[in-house]
Amino acid sequence: MTETNAQDYSAWIGHPVIDQAGDKIGKVSQIYVDEETGQPDWLAINTGMFKSRSSFVPFREHRRTGTSS
């Protein structure tokens, strides 16, 4: 991943994650990168009422829309 791409993806931290039905499931807390390719591979999402749980989701079929809320 180039430095520019790394900065672009790090800007996703804190942004809401929406499922395919349009429901908010949490916020991005970490982005994990594949060591071989340097590309994002997994997202850690803070979930639950107080955002105290972390769930891991594959970094595929994603798109960034809107702004952080």
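Right above here is the structure, for reference.
All of these numbers come straight from a predicted model, not from anything done at the bench.

### A closer look at a nonpolar patch on the surface
Working step 1: A grouping of Y32, W42 and F56 is seen on the molecular surface, where their side chains present a nonpolar patch of about 330 Å² in accessible area.
Working step 2: Residue position: Y32 is located in strand β2 (residues 24-33).

### Thoughts on the packing of aromatic side chains
Working step 1: Scanning the model with the defined rule gives 4 aromatic pairs in all.
Working step 2: Summarising the aromatic geometry, the rings of Y9 and F59 are spaced 5.3 Å apart at their centres and angled 85° between planes, so their arrangement reads as edge-to-face. In this pair, Y9 sits in helix α1 (residues 3-10) while F59 sits in the segment after β4 (53-58), placing the two residues 50 residues apart along the sequence.
Working step 3: Arranged with centres 5.6 Å apart and planes meeting at 50°, the rings of Y32 and F56 form a pair that is tilted. Note that Y32 is positioned in strand β2 and F56 in strand β4, a separation of 24 residues in sequence.
Working step 4: Look at Y32 and you get partly exposed, because its relative accessible area is 39%.
Working step 5: Here a set of aromatic residues connected by ring pairs shows up, and it is made of Y9, W12 and F59.

Conventions used here
- Residues numbered from 1 in each chain as written.
- Predicted model: local features only at pLDDT ≥ 70, side-chain atom pairs only at ≥ 80, totals over all residues.
- Heavy atoms only, no water.
- Patch = residues over 30% accessible without salt bridge, like charges linked within 9 Å, V, L, I, M, F, W, Y side chains within 5 Å.
- Areas by Shrake-Rupley, 256 points an atom, 1.4 Å probe, with all protein chains shown as cover.
- Salt bridge = Lys/Arg side-chain N within 4 Å of Asp/Glu carboxyl O.
- Helix = DSSP H or I, 4+ residues; strand = E, 2+ residues; numbered from the N terminus.
- Phe/Tyr/Trp six-rings, centres within 6.5 Å; stacked < 30°, edge-to-face > 60°.
- Buried < 20%, exposed > 50% of the residue type's maximum accessible area, 1.4 Å probe, protein only.

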